[in-house]
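Results of the structural survey
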Amino acid sequence: MIRDFVKDMNRKIYLKSLYKKSILILMAVIFPVLISGCARFAHLPEKDAPVAQLDFVYLSPEIEEWPDKKLRNTFSDYWYKRFTGKPSEEIFNVEAPHFQEMVNFSRYDAYLNNFPKGEILRIEIAYFIPVTEYLYEIPMTIVFQGPRGQEQKMSVRDRWVMVEEQWYHVLRDPLAFPKIG
Amino acid sequence: MNNFKVFFFIFLFFGLFSVQTGFAENEDRVVARGKDFVMTQDFVRAIENYYAKQGHYTRWEFLVDASLRVKLFANEELSIISAQLPDDMEYGPDYASRMVKLSEDYIFRLISAHPVDDRTVLSYYRSYPEKFLENGQSPRTPFQVTRIDEPLDPDKIAPLSDELAGLIRLRIGANNRREIVNEELERLKEKYGVEIVK
């Protein structure tokens, strides 16, 4: 009777320890997988990052879609931030690499401070001109809500260049940056 | 008679005083000095005359700064090309123009050596293809944003050769001239411990 009891207890203890071990082993396997999964999300490429949703109006019936999804995302993010004005470092980083080399950040920051701010209501795109394999010219009008709530328009002949698989804005403002370009 | 003596000594005193002051003014006053470096007022005047002939006038403080830059940069250029100007060369127009030319050569050397990476060069080349059309017609005019309404023929765009990349590097460096020059001026001032003499 006592022997049976001891046997039963031993079996229970054995099963309990086996259960604990299996949980530990399972955790040891799952934990690194979870960590590596999180690390993958921590280094999300830009195309997967949340993108500002802007309302586009295509003025030409020939335009059906953007030439490149990455261009659309970078473009949306850039213009959204330009009209918010912040964070200026992030906006500066989307300017073409040669522009970043030729213009110091404080001057650019001052330029952004004087740029109109407001909510973008829509962007009217005339057409996409593939100037070269790496360059698009986009004539467009940005319709935005000014500080007093009035609707304002700004026409821009925008340029976007691809360098090392990344789209960059080519800022052309002959009054603010006459020596660039 | 006594009055005459008094007036005589007073005139004598003021006469000697003004003569002494005159000599002092004619002395070539030191404007800036450092280790193995001296810049005199005559040098600054020579630079002033050089720029005045070109229609540039400025305040004395700016003139001293400009002269300091010319002298320090010209000295560096002379040491690089292993040359020296004659010791007895007067601070005339030839001397000033020679020094300015040497300092400009040194600035060109700095700009040429200014590192501009390949990515930056590529960015410039791809952003303004109209500048590199082989028929040489760039539609850009000052204070006007270029419009391109049609795709450009890639065969008509000059390829990005080493020579073209060099020119783009110079173009970008020249744009950063002010920063490059100021940085180097500060470096040389520190190197020679140059101080402006008040």
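Source: prediction; values computed, not measured. Sequence order sets the numbering: in each chain, residues are counted from 1 along the sequence as written. Note on labels: chains are lettered from A, ligands numbered from 1, in written order. Predicted model: local features are reported for residues with pLDDT of at least 70 only, side-chain atom pairs are reported and counted for 80 or more only, and whole-chain, interface and lining totals are derived from all residues. The basis for the side-chain values is all heavy atoms of the structure; hydrogens and waters are excluded.

1. Quick notes on the overall build of chain B
Counting its regular elements, chain B contains 7 helices and 3 strands. Elements are defined by DSSP. Helices are runs of H or I of four residues or more, strands are runs of E of two residues or more, and each kind is numbered from the N terminus. When the helices and strands of chain B are placed in sequence order, the string is α-β-β-α-α-α-α-α-α-β. Sorting the 198 residues of chain B into buried and exposed places 34% on the buried side. Here, two residues are considered to be in contact whenever any of their heavy atoms come within 4.5 Å of each other. Long-range pairs, those at least 24 residues apart, make up 71% of the contacts in chain B between residues at least 6 apart in sequence. Burial classification: accessible surface area is computed with a 1.4 Å probe over protein chains only, and a residue below 20% of its type maximum counts as buried, one above 50% as exposed, and the rest as partly exposed.

2. Considering the pairing of strand E1 (residues 30-34) of chain B
Residues and elements named next belong to chain B. At least two DSSP bridges between two strands are needed for those strands to be called paired. Pairing between E1 and strand E2 (residues 37-40): 4 bridges, direction antiparallel. Residue glycine 34 lies in a different strand from E2, and its bridge partner there is phenylalanine 37. Between E1 and the antiparallel strand that follows it, E2, lie 2 residues; aspartate 36 among them carries a positive phi value of about 55°. In the sheet, E1 pairs with strand E3 (residues 195-196) via 2 bridges, with the strands oriented antiparallel. Considered in E3, the bridge of alanine 32 is made with isoleucine 196.

3. Section: the confidence of the model for chain A
Residues and elements named next belong to chain A. pLDDT is defined as a per-residue confidence score from the predictor, taking values between 0 and 100. Here chain A averages 82 in pLDDT, while 75% of its residues score no lower than 70. The secondary structure element of chain A with the lowest average pLDDT is helix H1 (residues 2-42), at 59, and the one with the highest is strand E6 (residues 166-169), at 98. For residues 33-47, every residue scores under 50 in pLDDT, and the model assigns this stretch 4 contacts once sequence neighbours within four places are set aside.

4. A look at the pairing of strand E5 (residues 151-163) of chain A
Residue and element names in this part refer to chain A. Across 11 bridges, strand E4 (residues 135-145) lies against E5 in antiparallel orientation. Residue pairing for E5: glutamine 145 is matched across the bridge by glutamate 151. The antiparallel pairing of E4 with E5 creates a hairpin that spans 5 residues between the two strands, and glycine 149 there sits at a positive phi of about 85°. Here E5 pairs with E6 via 4 bridges, running antiparallel. Within the sheet, the bridge partner assigned to valine 161 lies in E6 and is tyrosine 168. The turn joining E5 and E6, which pair antiparallel and follow one another in sequence, is formed by 2 residues; a positive phi near 50° is taken by glutamate 164.

5. Considerations on the packing of aromatic side chains
Think of a pair of aromatic rings as described by two things: how far the centres are apart, and how the planes are tilted against each other in angle. Ring pairs shown here join Phe, Tyr and Trp side chains whose ring centres sit within 6.5 Å, with only the six-membered ring taken for Trp; geometry is labelled stacked below 30 degrees between planes, edge-to-face above 60, and tilted in between. For the structure shown, the criterion picks out 26 aromatic pairs over all chains. Consider the ring centre and the ring normal. A charge sits over the ring if Lys NZ or Arg CZ is within 6 Å of that centre and within 35 degrees of that normal. The ring of phenylalanine 43 of chain B carries lysine 71 of chain B above its face, with NZ or CZ at 4.7 Å from the centroid. Across from the ring centre of tyrosine 134 of chain A, 3.4 Å away, lies the NZ or CZ of arginine 126 of chain B, which sits over that ring.

6. Considering the packing of helix H5 (residues 118-127) of chain B against helix H6 (residues 162-175) of chain B
All names here are of chain B. All axes are obtained by fitting lines to C-alpha atoms, using only the stretch in contact for helices, and the reported angles, taken between N-to-C directions, cover 0 to 180 degrees. Where H5 meets H6, the closest approach of the two axes is 10 Å, and the angle between their N-to-C directions is 95°. Put simply, H5 runs roughly perpendicular to H6. Mapping the contact onto sequence places Asp118, Thr120, Val121, Tyr124 and Tyr125 in H5 and Leu164, Ala165, Ile168, Arg169, Arg171 and Ile172 in H6. Across the contact of H5 with H6, the residue classes break down as 7 nonpolar, 1 polar and 3 charged. Orientation labels follow simple angle bins: below 35 degrees gives roughly parallel, above 145 gives roughly antiparallel, 65 to 115 gives roughly perpendicular, and whatever is left gives oblique. Throughout this entry, Asp, Glu, Lys and Arg are counted as charged residues, while Ala, Val, Leu, Ile, Met, Phe, Trp, Tyr, Cys and Pro are counted as nonpolar. The remaining residues, Gly among them, count as polar.

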